[in-house]
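Chain and residue survey
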Amino acid sequence: MKVALKNGFLMIKDMTPVQLNTIKTWNRMKYNRKEKMMVGLADIELLTLFGQLTPLTPRLQAELKRQIELQNAVDAERLNEEPVPFIKMPIKAKPYKHQIRGFNMAMLVFGIVKPKGNDNGSRLQDK
């Protein structure tokens, strides 16, 4: 089996019939007839399922770890009782707490601010 991670998509080629049927049951990937491979968005769920099918390559493990850290940081910010904007918000009015939390979560998801890998996302590191 050949595996590639490109532009956020997981691509799998040259599978055995058993592997192909297992991957089809996930309903997370589509078959590309032209390239003769399965293609799907490489999110936490798909990478976890693929890791149960076969050991992940170091690059796939790193991507899964990065996505889990990002999700943990977003979840920590969602539950933050006293949010403080990570960067200056481009607004004139004083925002409500839920607006600050939403802004901070967007900064994390879009990669403007990166979470530190060793804690729950309460501290951040510059990009």
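Residues numbered from 1 in each chain as written. Predicted model: local features only at pLDDT ≥ 70, side-chain atom pairs only at ≥ 80, totals over all residues. Heavy atoms only, no water.

**Structural notes on unusual backbone geometry**
Working note: non-glycine residues mostly have negative phi, and peptide bonds are mostly trans. Note the following rule: Secondary structure elements follow DSSP: runs of H or I of four or more residues count as helices, runs of E of two or more count as strands, with numbering from the N terminus. In this scheme, a residue with accessible area under 20% of its type's maximum is buried, one over 50% is exposed, and one in between is partly exposed, where area comes from a 1.4 Å probe on protein chains only.
In this structure, Asp 14 is a non-glycine residue whose phi angle is positive, near 55°. Relative to the assigned elements, Asp 14 resides in the loop between β2 (9–13) and α1 (17–26). Asp 14 sits in the partly exposed class, given a relative accessible area of 45%. Here the phi dihedral of Lys 36 falls at roughly 55°; this positive angle occurs in a residue that is not glycine.

**Examining the sheet that holds strand β4 (residues 37–41)**
Quick note on the threshold: Between any two strands, at least two bridges found by DSSP are needed for them to pair. Comment: axis = line fitted to C-alpha atoms, over the contacting stretch for helices; angle = value between 0 and 180 degrees taken between N-to-C directions.
Spatial strand order, β1-β2-β4-β3: 4 strands in an open sheet with antiparallel pairing. Of all the strands in the sheet, the pair left with one neighbour each is β1 (2–6) and β3 (30–32). Within this sheet the neighbouring strands show an average axis-to-axis angle of 25°, counted without direction. Examined bridge by bridge, β1 and β2 share 5 bridges and lie antiparallel to one another. Counterpart to Lys 2 in the pairing with β2 is Lys 13.

**A few points about the environment of Leu 41**
Tracing the chain through its elements places Leu 41 in strand β4. Expressed as a C-alpha distance, the spacing of Leu 41 and Lys 30, which sit 11 residues apart in the sequence, is 9.8 Å.

**A short note on a nonpolar patch on the surface**
Applied cut-off: In this scheme, patches are assembled from residues that exceed 30% relative accessible area and form no salt bridge. Like charges are connected within 9 Å, while nonpolar side chains (Val, Leu, Ile, Met, Phe, Trp, Tyr) are connected within 5 Å. Each accessible area value is a Shrake-Rupley result obtained with a 1.4 Å probe; residue values ignore everything except the protein chains displayed when judging cover. We define a salt bridge as a contact between a side-chain nitrogen of Lys or Arg and a carboxyl oxygen of Asp or Glu at a distance within 4 Å.
A cluster of nonpolar side chains, namely Ile 87, Val 109, Phe 110 and Ile 112, defines an oily patch on the protein surface of about 400 Å² accessible area. Among the secondary structure elements, Phe 110 is positioned in the loop between α4 (97–109) and β5 (114–115).

**A closer look at the packing of helix α2 (residues 44–53) against helix α3 (residues 58–78)**
We count it as follows: Convention used here: angles under 35 degrees read as roughly parallel, angles over 145 as roughly antiparallel, angles from 65 to 115 as roughly perpendicular, and any remaining angle as oblique. Note on convention: the crossing is left-handed when the near helix lies turned anticlockwise from the far helix by less than a right angle, right-handed when the turn is clockwise. Note on contacts: a residue pair qualifies if any of its non-hydrogen atoms lie within 4.5 Å across the two residues.
Packing of α2 against α3 leaves a shortest axis separation of 10 Å and a crossing angle of 140°. Relative to α3, the element α2 lies oblique. For the pair α2 and α3, the crossing hand works out as left-handed. On the side of α2, the interface is formed by Ile 44, Leu 47, Thr 48 and Phe 50, while α3 contributes Leu 60, Glu 63, Leu 64, Gln 67, Ile 68 and Gln 71.

**Quick word on the pairing of β4**
Of the pairings in the sheet, the one linking β2 to β4 comprises 5 bridges and is antiparallel in character. Among the inter-strand pairings, Leu 10 is bridged to a residue of β4, identified as Gly 40. Hairpin connection of β3 to β4: 4 residues between the antiparallel strands, including Lys 36 at a positive phi of 55°.

**Some words on the confidence of the model for the chain**
Stated formally: Per-residue confidence from the predictor is reported as pLDDT, a score between 0 and 100.
Of the residues in the chain, 91% have a pLDDT of 70 or more, and the chain-wide mean is 90. Of the regions scoring below 50 in pLDDT, residues 118–123 engages in 5 contacts with residues more than four places distant in sequence or in other chains.

**Here's the deal with α4**
For the α-helix, the turn length of 3.6 residues means that residues three or four positions removed from each other point alike. Applicable threshold: Multiplying 1.5 Å by the residue count of a helix minus one yields the expected span of that helix.
Spanning 13 residues, α4 covers 18 Å between terminal C-alpha atoms, matching the ideal 18 Å at 1.5 Å per step. Within the span of α4, buried status applies to Ile 100, Arg 101, Phe 103, Asn 104, Met 105, Met 107 and Leu 108. Gly 111 lies just past α4 and shows a positive phi near 80°.

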